[in-house]
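Structural overview for review
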Protein chains: 2
Amino acid sequence: MSNSVNKGPLVFSLRLAVPLPSPSDKTADTDRLLQALSAAGYNNVSIPLDIARRLPPELRKNELLKDELLKDDCELALAMGPGERGLKVLDIGERRIYGIALDIGSTTLEASLFDLADGKKIDEKSAGNPQAAFGADVLTRVQLSMMGEYKKIARLLTDGVNRLIVDLCGANDISADNIFALTVAGNTIVSHFFLGLEVNNIPVSPYVPAVNKPMICSAGETGTAINKNAVVYVFPNSGSYVGGDIISGILYCGIHREESPVLFVDVGTNVEITLGCRDWLMVGAGAAGPALEGGIAHIGKRAEPGTISRVKIDKAGHEIKLDVISDIEPAGICGSGLIDLISEMFSAGVIDQAGRFTENAGRIVETDGVKAYLLHKSDQTELFLTEPEIKNFLLSKAAMFSFLYVFVRSVGLTFGDIGKIYVAGALGCGINPISAINIGMLPDVPLERFVQLGNSSLRGAEMLLLNRDLLSEIDGIAAMITYREMNEDSELMSILQGAMFIPHTDPLMLK
Amino acid sequence: MSNSVNKGPLVFSLRLAVPLPSPSDKTADTDRLLQALSAAGYNNVSIPLDIARRLPPELRKNELLKDELLKDDCELALAMGPGERGLKVLDIGERRIYGIALDIGSTTLEASLFDLADGKKIDEKSAGNPQAAFGADVLTRVQLSMMGEYKKIARLLTDGVNRLIVDLCGANDISADNIFALTVAGNTIVSHFFLGLEVNNIPVSPYVPAVNKPMICSAGETGTAINKNAVVYVFPNSGSYVGGDIISGILYCGIHREESPVLFVDVGTNVEITLGCRDWLMVGAGAAGPALEGGIAHIGKRAEPGTISRVKIDKAGHEIKLDVISDIEPAGICGSGLIDLISEMFSAGVIDQAGRFTENAGRIVETDGVKAYLLHKSDQTELFLTEPEIKNFLLSKAAMFSFLYVFVRSVGLTFGDIGKIYVAGALGCGINPISAINIGMLPDVPLERFVQLGNSSLRGAEMLLLNRDLLSEIDGIAAMITYREMNEDSELMSILQGAMFIPHTDPLMLK
């Protein structure tokens, strides 16, 4: 969505005519390469020792054919990428180069594979973040890290990322050694885990991360199973609460280029809100996510074959229609499916404004003395949503809406003043804005103002993979951000009460 | 001898007050360190990932004592050194840092150990270059490398250097992990071997090295057994024939700062000649060395206990007085001892101008039908020098003198025009200029113009170790050098004939 000039991918291949040495040109090999690069417009290039070791035979591979070919040049293929400062030679010799964009979520890892020669996406895959074994919540993982489990927990992430990469490469018959770029976006804690950086101080006052702008690393340093010289770029964070995933999302939405304020809501385990334009960017975050992600419902599940992604219920709730990923026997429901379900249950009169089952609701069953709505029943499965689960969901949606409300009002705006509302997140198949508005989770503004993004963090990481010019733009975004502490807001609690009803006790607040 | 401003050693330790994080200062740890460095005048500093990983606990080590200490700062100890561009943090935490200067000769490795905190030399050690097992001559080693032995030969050097470092550290009870800098000077071929760079093209037309200015490496990259983050600086070469040892020697002599021309003769396996001043530097080299180094005499030996370093012979040669290193039973003679011996044999009338034994010479023995001069005889040893060995020596001294003569004349100068003649080299205990002039190996100019240097290559490497400001000066020297091809000179052969006599057939040529 950004309209930055694109000079080419983060890592790019280059074919260069390097003059062969001769009695009148005794320049050393590395100097000859640097001169040829400079002539082609690439200055400030560094050549690592291991590349210099491989250079002499590569430069002379056609030497025996020199007279036959009637050439005084050697055609050298190079892979180049950003170094600590300037450019760096990553590889020499003929080969196709690929890149991977990676979003590290607290729950899910998502990666996409690109051919960097033509910029085409080859494939995309996701997997669970294996760190979840040490707590669904990243804070639990930090606590366990402080108790001596750091290495184990960090290692789980490295291994999980490597398995995902191996899968992605294997499925597309590409050697991982041909992957020369990895762009990584994640929250501050997972980014620190990924880089092997200490996480202890991030969630503890005064909330200081080890690093805000990670150094551009090599895959060898991060232990990533791609070419050891590959560029590993981890998006910067802006303090402990605004992670690289948000910055990547802002990049993707292009908020930092907008003339008037737009809103960007990223719903993952946390709800993260960005409000701003090219002049200012304000970010806030709150823990409203687990319920929205489906974590509170016992049938909650991430998007994969067998997950319910969309729900339709007729009046009174007797008939239900489910969209199931891959059209197989359903096994659970994702976050966006859950929003659909609550919205449909409310519209069909199955639940009232407070989330209680109505008198004449259909498909109500009772399990262990608790009333529940039956989504699906077959010989193998019985899927239902209980009344307490609905209550918990409404608490989460109330928290999310209250965050939005307080956030927008705090800069003197109303929802009506906002030109666009980007809704992103790894909530299964993407939030259906109609449902979200219907239950009062998102503000009640004209539908066309909503833009659904899917995983904007991954999309931003992909953008950088294909456009190295965005490196400085990303630094600019990070520098613009102001973080607004949400949980300390006194207004929040009073708003929360009314927001626990569907859509709200005061519909005017939704505008 | 240089009078450059000294800003401090190549790698230096620093004590820095880094503000502790507080609710009003949530700057990330690496940024806080960079800000503190900038405030102390160190800009453009990079922090490698492995240092960032260790930074958070180091910055908070006194946190519990904060109130007691009444301090808002953490005192952080750092080791800093040159990075690819700018400065680099090499280590954090309290420790004394050391550095090693190393001269890699074709035959001998010489290293000196320095305390970088006070700049004092702690010790110096030497060892044979184990590559000699693959040929005394570096050209033989290159030939064998081209035949598939490269890895083995390069490895020998790495291992030899590492053994010398371990010895040097062990003898002084210093952990090799506290060595944070290594400056290395050697000829182009040995420098390439040390860095694992291909040597194949160096001695083959058009004589192109892989690298002229080696990248500043870490010890991890070069496989050197010191701290893995240590800075390894290899002096640049100026083409295939002018190695880092010459450039290091020029730095030490300060030739590039002289107002009028001076001559610098480095006698190792090769004779290397530098002529110049601050406006120009011309270097030439020729293979005249083996004999001078004692390599042709069967009793030739490098300087070590039991080696004859000085010789005095009375008239007619009947009485001989030997200086032996460590005053033990002599086992051989070094290069400078050999020059003394030939000079004394000539002065005492033992040999004539042509190097033949005279009629009435004393101490003449015959072995295997060859006449020889008896240096030493005891129950254990018999040391003698044969007439053919004297002839071979005179051929070498003639080659060396002819090089000097042609070289100096080629720029329109005579020996008399040259203000200083630096004589360096690993020829045992240093050439005695009186003896060298006496036999016509060095020009016959006033004795006070000669400056004896010992191992100037090692001394230059030591200078850099103690003064990082010399980095740019070294690049300046390398850029100034013109190489003059010696062996193609037609005048050389005609000069050589007369120079084979002692001191010369035409004494005027010595002036």
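What counts as what
Each chain carries its own residue numbering, running from 1 in the direction its sequence is written. Going through the entries in the order they are written, you letter the chains from A and number the ligands from 1. For this predicted model, a pLDDT threshold of at least 70 governs which residues receive local features, and a threshold of 80 or more governs which side-chain atom pairs are given and counted, while totals over whole chains, interfaces and linings are taken from all residues. The side-chain numbers reported here are obtained from all heavy atoms of the structure, hydrogens and water having been left aside. Here a strand is any run of E in DSSP of at least two residues, a helix any run of H or I of at least four, and the numbering for each starts at the N terminus. Here the term buried applies to any residue with accessible area under 20% of the maximum for its type, exposed to any over 50%, and partly exposed to those in between, with areas from a 1.4 Å probe on protein chains only. Contact criterion: two residues are considered in contact whenever any of their non-hydrogen atoms come within 4.5 Å of each other. Helices are assigned an expected span. That span is 1.5 Å times one less than the residue count. At every residue, the bend is computed as the angle between two fitted axes, covering the seven residues ending there and the seven beginning there respectively. Throughout this description, a polar contact denotes any pair of N or O atoms lying within 3.5 Å of each other; where both atoms belong to protein, one of them has to be capable of donating a hydrogen while the other can accept it, and for residues adjacent in sequence the pair is counted only when both atoms sit in side chains. Alignment of copies: least-squares fit on C-alpha atoms of residues with pLDDT of at least 70 in both copies. When a carboxyl oxygen of Asp or Glu is within 4 Å of a side-chain nitrogen of Lys or Arg, the pair counts as a salt bridge. Buried area, as used here, totals the accessible surface that two parts lose on assembly, with accessibility defined by a 1.4 Å probe and the loss added over both. Here the term charged refers only to Asp, Glu, Lys and Arg, the term nonpolar to Ala, Val, Leu, Ile, Met, Phe, Trp, Tyr, Cys and Pro, and the term polar to all other amino acids, Gly among them.

Quick look at the environment of Ser260 of chain B
Residues and elements named next belong to chain B. Inspection of the secondary structure puts Ser260 in the loop between helix H7 (244–253) and strand E11 (262–267). Residue classification places Ser260 among the partly exposed positions, given a relative accessible area of 43%. Ser260 has contacts with Gly276 and Cys277, leaving out every residue within four places of it along the chain.

Some thoughts on helix H4 (residues 138–171) of chain A
All names here are of chain A. In this model, H4 (34 residues) spans only 30 Å end to end at C-alpha, well below the 50 Å of a helix rising 1.5 Å per residue. For H4, the principal kink sits at Glu149 and spans about 125°. The N-cap of H4, judged by a side-chain oxygen 2.9 Å from the amide nitrogen of Leu139 a few residues on, is Asp137. Count one or two residues on from H4 and you reach Asp173, which has phi positive near 60°.

Structural notes on the relation of the copies chain A and chain B
In screw terms, the move from chain A to chain B is a rotation of 180° and a rise of 0.1 Å along the axis, fitting with an RMSD of 0.1 Å. Here the symmetry operator amounts to a two-fold rotation axis. Using C-alpha coordinates, one finds that chain A approaches the rotation axis most closely at Arg85 of chain A, a distance of 3.8 Å. A high fraction, 98%, of the interface residues of chain A reappear at the interface in chain B, so the copies pair face to face through one surface.

A word on the side chain of Asp91 of chain A
Residues and elements named next belong to chain A. Inspection of the secondary structure puts Asp91 in strand E4 (residues 87–92). A distance of 2.8 Å separates a polar atom in the side chain of Asp91 from a polar atom in the side chain of Arg95. Those residues in contact with Asp91 that lie beyond four places of it in its chain are Ile51, Arg54, Ala77, Leu78, Ala79 and Phe180.

What to know about the pattern of salt bridges
Pairing is possible between side chains of opposite charge, provided their charged atoms come close. Residue and element names in this part refer to chain A. Tallied over the entire structure, the rule returns 52 salt bridges over all chains. Measuring nitrogen to oxygen at the nearest pair gives 3.0 Å for the salt bridge that ties Lys377 to Glu382. Look at Lys377 and you get exposed, because its relative accessible area is 56%. The class for Glu382 is partly exposed, based on a relative accessible area of 38%.

What to know about the interface of chain A and chain B
In this complex, chain A contributes 40 residues to the contact, which on the side of chain B involves 39 residues. Taken together, both faces of the contact between chain A and chain B bury some 3200 Å²; the carbon and sulfur share is 54%. When the buried surface of chain A facing chain B is broken down by residue, Leu49, Arg53 and Arg85 of chain A rank first, second and third, together holding 20% of it. Taken together, the links from chain A to chain B amount to zero salt bridges. The interface formed by chain A and chain B contains 12 residue pairs in polar contact (both at pLDDT 80 or more). Taken together, the elements giving at least two residues each to the side of chain A that touches chain B come down to helix H1 (29–39), strand E2 (45–46), helix H2 (49–59) and helix H6 (219–222) of chain A. The class makeup of the residues in the side of chain A that touches chain B is 20 nonpolar, nine polar and 11 charged.

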